[in-house]
Amino acid sequence: MGLSLEQKQAVVTEVAARLAKAQAIIVAENRGLDVGAVTGLRAKARKSGMYLRVLKNTLARRAVKGTPFEKLSEQMSGPLMYGIAQDPVAGAKVLAEFAKEHELLVLRGGALPNALLSVKDVKALATLPSREELLAKLVGTMQAPIAKLVRTMNEVPGKFARALAAVRDAKQKAAA
């Protein structure tokens with residue numbers, strides 16, 4: 001049994017709302033995946049902040065119409081699963097890793113705002129470090145000079161204290 005007009009409109013509205021906040025859409029063909037595998041994929045996607053949905057292509061075309069992802073309409077054919085992600089790298093990683101484990105899930109491409117992605121582009125996006133990793137590297141890089149300055153400035157009083165201790169020890173040895 002198909003969806004009623006109201007249900008279709010609700011789906012299009014929901015997907016369009018997700019697209020308004022999205023930075024990427026990754027499209028994968030999902031012929032023959034069993035329910036357990038898809039449930040595991042949905043759990044991984046949810047954990048990474050990606051919205052995963054199997055949609056009829058006509059509903060997906062209506063949802064992307066008028067958005068920066070409108071160019072993706074050209075790739076919408078066949079049984080597709082749409083991954084809508086706020087973090088493009090995390091979304092691409094989830095689907096690319098799952099596609100390596102399950103050969104029935106085939107990446108078909110994707111889109112960034114106003115740019116189409118090929119399968120090769122999606123796989124390249126999946127190899128990039130995540131946003132959290134990049135932020136950690138940035139903080140480490142910014143922290144290194146400050147930490148070195150603190151160690152250098154701490155060394156001056158430390159050397160002075162060691163010199164005083166050496167003088168004290170020398171005087172005590174001479175007095176004994």
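Cut-offs applied
- Residues numbered from 1 in each chain as written.
- Predicted model: local features only at pLDDT ≥ 70, side-chain atom pairs only at ≥ 80, totals over all residues.
- Heavy atoms only, no water.
- Salt bridge = Lys/Arg side-chain N within 4 Å of Asp/Glu carboxyl O.
- Helix = DSSP H or I, 4+ residues; strand = E, 2+ residues; numbered from the N terminus.
- Buried < 20%, exposed > 50% of the residue type's maximum accessible area, 1.4 Å probe, protein only.
- Core = buried A, V, L, I, M, F, W, Y, C linked by side-chain atoms within 4.5 Å.
- Contact = heavy atoms within 4.5 Å.
- Pairing = 2+ DSSP bridges.
- Axes fitted to C-alpha atoms, helices over the stretch in contact; angles between N-to-C directions.
- Patch = residues over 30% accessible without salt bridge, like charges linked within 9 Å, V, L, I, M, F, W, Y side chains within 5 Å.
- Areas by Shrake-Rupley, 256 points an atom, 1.4 Å probe, with all protein chains shown as cover.
- Lys, Arg positive; Asp, Glu negative; His and termini not counted.
- Charge placed at Lys NZ, Arg CZ, Asp CG, Glu CD.
- Parallel < 35°, antiparallel > 145°, perpendicular 65-115°, else oblique.
- Left-handed = near helix turned anticlockwise from the far one by under 90°.
- Nonpolar A, V, L, I, M, F, W, Y, C, P; charged D, E, K, R; others polar.

Student: Which residues make up the pattern of salt bridges, and what are the values?
Tutor: Close approach of charged atoms allows side chains with opposite charge to pair. Considering all chains together, one arrives at seven salt bridges under this definition. For Glu14, the salt bridge goes to Arg53, with nearest N and O atoms at 3.2 Å. Within this pair, whereas Glu14 is found in helix α1 (residues 5-21), its partner Arg53 is found in strand β2 (residues 50-54), the two being separated by 39 residues in sequence. Between Arg108 and Glu29 there is a salt bridge, with its nearest N and O atoms 2.8 Å apart. Here Glu29 lies in strand β1 (residues 24-30) and Arg108 lies in strand β4 (residues 105-112), a separation of 79 residues in the sequence. Judged by its relative accessible area of 26%, Arg108 is partly exposed.

Student: Which residues make up the nonpolar core, and what are the values?
Tutor: Core analysis: the biggest nonpolar cluster contains 25 residues, and Ile26, Leu41, Met50, Leu52, Leu95, Leu105 and Leu107 have the highest contact counts within it. Secondary-structure elements contributing two or more residues to this core are β1, α2 (35-47), β2, β3 (80-85), α4 (88-101), β4 and α5 (119-127). The element contributing the most residues to this core is α4, with seven residues. Apart from residues lying up to four places away in sequence, Leu52 is in contact with Leu41, Arg42, Ala45, Met81, Tyr82, Gly83 and Leu95. Counting 20 residues, the second-largest nonpolar core is a separate cluster that includes Leu59, Leu72, Ile84 and Ala111.

Student: Explain the sheet that holds strand β5 (residues 115-117) to me, using residue names and the numbers behind them.
Tutor: The strand order across the open sheet formed by five strands is β2-β3-β1-β4-β5, and the pairing between neighbours is antiparallel. Of all strands in the sheet, those with a lone pairing partner are β2 and β5, marking the two edges. Across this sheet, the average inter-strand angle for adjacent strands is 20 degrees, counted without regard to direction. Note: β4 against β5, three bridges, orientation antiparallel.

Student: An account of the side chain of Gln75 is needed here, citing residue identities and associated values.
Tutor: With respect to the helices and strands, the residue Gln75 is situated in the loop between α3 (57-64) and β3. Filtering out sequence-adjacent residues up to four positions away, Gln75 remains in contact with Leu80, Arg108, Gly109, Gly110, Leu116 and Leu117.

Student: If you had to explain a nonpolar patch on the surface to someone new, which residues and values would you point to?
Tutor: Together, Leu135, Leu138 and Met142 give the surface a local cluster of nonpolar side chains, amounting to about 290 Å² of exposed area. Structurally, the position occupied by Met142 is in helix α6 (residues 131-175).

Student: Account for the pairing of β3, with residues named and values stated.
Tutor: Among the six residues of β3, six are classified as buried, and the element is accordingly described as predominantly covered. Where burial is concerned, the two faces of β3 agree: the one with Leu80, Tyr82 and Ile84 and the one with Met81, Gly83 and Ala85 are both buried. With five bridges connecting them, β2 and β3 associate as antiparallel partners. Counted as the bridge partner of Val54 is Met81 from β3.

Student: Residue-level account of the environment of Gln75, with values.
Tutor: With relative accessibility at 19%, the residue Gln75 sits in the buried group. Sequence separation of Gln75 and Ala111 is 36 residues, and the distance between their C-alpha atoms is 9.8 Å.

Student: Can you explain a positive patch on the surface? Please cite residues and give values.
Tutor: Taken together, the side chains of Lys8, Lys56, Arg62 and Lys65 make up a positively charged region of the molecular surface. Relative to the helices and strands, Lys65 resides in the loop between α3 and β3.

Student: Go over the packing of α1 against α3 with me, naming the residues and quoting the values.
Tutor: Put simply, α1 and α3 touch, their axes get as near as 8 Å, and they point 50 degrees apart. Put simply, α1 runs oblique to α3. Crossing geometry of α1 relative to α3 is assigned as right-handed. Where α1 abuts α3, its residues Lys8, Val11, Val12, Val15, Ala16 and Leu19 lie against Leu59, Arg62, Ala63 and Val64. The residue inventory of the contact of α1 with α3, partitioned by class, reads eight nonpolar, no polar and two charged.

Remember that the coordinates give geometry; whether it matters functionally is a separate question.
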